[in-house]
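Geometric and topological summary
Below are the chains, spelled out letter by letter.
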Amino acid sequence: MKIFDPTALGGLRLANRVVMAPLTRLRAGLSGVPGDLLVEHYRQRAGMGLVLTEGTYPVLEGRTWTGQPGIETDEQAAGWARVADAVHAAGGRVAMQIMHGGRIAHPDITGTRVVSASAVAAPGEIRTPSGKAGHPVPHALEAGEIAEVVRGFAAAARRAVDAGMDAVEVHGANGYLVHQFLSPASNRRTDDYGATPEGRARFAIEVVTAVAAEIGADRTGIRLSPEHDIQGVVETDPHVTAATYAALADGLAPLGLAFVDVLHRDLGGELVQDVRRRVGAPLIGNTGFAESTTRDEAVRLVEEGVVDLAAVGRAAIANPDLVARWARDLGENEPDPATFYADGAEGYTDYPEAGAA
């Protein structure tokens, strides 16, 4: 396999095997409606084989930050339709990452309660409109409430596809709600949604199953970050972690998903490759979080068959024409971390293409 070769994910034909990783950018304002800035940002990056959007909340209770976009209202869906149209007009494909923040939220941001698998607060602080605040102790979702959250994911997926998105990725990584159920550090439950590997995997399986039933498994994927140990969602026992993700993968396998997207420092290791074998879907892989994914690393991962597609974050932020740059070895712009989560066009839509650099 070559990284610049076309490929398929489910029912999608992609021009190459470079994926724009989902990247929090916080440019959607108080309303969570994608505007002109988001339309232009994603349009610029349509040369990637697949563009994955930033984490988008399915319901207000799942919103994590001010400036995060949503897919709950008609106005938000209309904004995303403009994004999808722009990416398609530029020849690209785009999938929405749907993300419920769970306990990584605050009532000052959502105006609602904060929920999670268990009544265990996340460590550290969160930035609210009135300043930094500690994470509150979340409400532990009851069984009937879990079913409502699952329906919220499915409804959001339907709105996303109706708005023109080519696929949906369920965010099951990085310490957010689905991941909170997977980790024994944040899931202290003793019912059917906890206590065992199968119990901890149950919520994720139910969410992905509901999304696949709503929009088709060939449009559905999931992102995972086992052992990432972030936001208090830690997975420090390798035997427990392996058993939990094996149970998750076995529960997803019958669906015939379009892809599984994994963030992990060792993509070729047994944990990730076992998930890949069990799910039986193409693997999008991303090693970069503390460090950026380089061109050479991405090319190697694909050519050696470690992954089917390589996801790239910071290089995609700074280089709207990243695939063309990599294909012609033209060098790269350097990303400016000071603008990652700022407002406005600076560091968002003003990075030059190679011909204009």
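This write-up is about the structure you can find in this document. (Residues numbered from 1 in each chain as written. Predicted model: local features only at pLDDT ≥ 70, side-chain atom pairs only at ≥ 80, totals over all residues. Heavy atoms only, no water.)

With six of six residues buried, strand E10 (residues 167-172) is to be regarded as a mostly interior element. Here E10 shows two buried faces, one formed by Ala167, Glu169 and His171 and the other by Val168, Val170 and Gly172. Two strands pair when backbone bridges link them, and strand E5 (residues 94-98) and E10 are joined in this way by four bridges, in the parallel orientation. What sits directly across from Met96, in E10, is Val168. The pairing of E10 with strand E11 (residues 220-224) spans five bridges and is classified as parallel. From the neighbouring strand, His171 faces E11, where its bridge partner is Arg223. (Buried < 20%, exposed > 50% of the residue type's maximum accessible area, 1.4 Å probe, protein only. Helix = DSSP H or I, 4+ residues; strand = E, 2+ residues; numbered from the N terminus. Pairing = 2+ DSSP bridges.)

The contact between helix H1 (residues 36-44) and helix H2 (residues 74-89) brings their axes to 8 Å, and the two run at 25°. Put simply, H1 runs roughly parallel to H2. The way H1 lies across H2 gives a crossing that is right-handed. Residue-level contacts link Asp36, Leu38, Val39, Tyr42 and Arg43 of H1 to Trp80, Arg82, Val83, Ala86 and Val87 of H2. Along the lines of polarity and charge, the residues of the contact of H1 with H2 split into seven nonpolar, no polar and three charged. (Axes fitted to C-alpha atoms, helices over the stretch in contact; angles between N-to-C directions. Parallel < 35°, antiparallel > 145°, perpendicular 65-115°, else oblique. Left-handed = near helix turned anticlockwise from the far one by under 90°. Contact = heavy atoms within 4.5 Å. Nonpolar A, V, L, I, M, F, W, Y, C, P; charged D, E, K, R; others polar.)

On to the pairing of E5, then. Within E5, five of the five residues are buried, leaving the element largely enclosed by the surrounding structure. On E5, burial covers both faces: Val94, Met96 and Ile98 on one face and Ala95 and Gln97 on the other are all buried. Taken together, the two bridges between strand E4 (residues 50-52) and E5 define a ladder with parallel strand orientation. Each residue of the ladder has a partner; that of Val51, found in E5, is Val94.

Attention now moves to the sheet that holds strand E3 (residues 18-20). If you walk around this closed barrel you meet the eight strands as E3-E4-E5-E10-E11-E12-E13-E14, and the pairing is parallel. The mean inter-strand angle of the sheet, taken between neighbouring strand axes irrespective of direction, is 25°. Inspection of the sheet shows strand E13 (residues 283-286) paired to strand E14 (residues 309-312) by two bridges, in the parallel sense. When the sheet's bridge partners are listed, Ile284 is paired in E14 with Leu309.

Our focus in this paragraph is unusual backbone geometry. Excluding glycine, most residues fall at negative phi; most peptide bonds, likewise, are trans. Positive phi, normally seen in glycine, also occurs at Leu26, with a value near 60°. Counting through the fold element by element, Leu26 comes out in the loop between E3 and H1. Look at Ala195: it is not a glycine, yet its phi comes out positive at around 75°. Mapped onto the elements of the fold, Ala195 is located in the loop between helix H5 (177-182) and helix H6 (197-215).

Turning to the environment of Arg328, a few remarks are in order. Within the secondary structure, Arg328 sits in helix H11 (residues 322-328). Sequence-wise, Arg328 and Lys2 are 326 residues apart; in three dimensions their C-alpha atoms are separated by 14 Å.

Quick look at helix H7 (residues 238-252) now. At 3.6 residues per turn, the α-helix brings residues three or four places apart onto the same side. Taking 1.5 Å per residue as the helical rise, H7 with its 15 residues ought to reach 21 Å, and the 21 Å between its terminal C-alpha atoms agrees with that figure. For H7, the complete set of buried residues consists of Thr241, Thr244, Tyr245, Ala246, Ala247, Leu248, Ala249 and Leu252. Tucked into the core, H7 has its buried residues touching H5, H6, E11 and helix H8 (270-279). Near the N-terminus of H7, the side chain that reaches the backbone nitrogen of His239, with its oxygen 2.9 Å away, is that of Asp237. (Expected span 1.5 Å × (residues − 1). Polar contact = N/O pair within 3.5 Å; in protein donor to acceptor, adjacent residues only side chain to side chain.)

Time to look at the pattern of salt bridges. Here the structure, examined in full by the defined rule, presents 20 salt bridges. For Arg158, the salt bridge goes to Asp162, with nearest N and O atoms at 3.1 Å. Here Asp162 and Arg158 lie together in helix H4 (residues 143-162), a separation of four residues that amounts to about one turn. Several salt bridges converge on common partners, so that one network encompasses Asp250, Glu270, Asp274, Arg277 and Arg278. (Salt bridge = Lys/Arg side-chain N within 4 Å of Asp/Glu carboxyl O.)

This is a description of form; function is not addressed.
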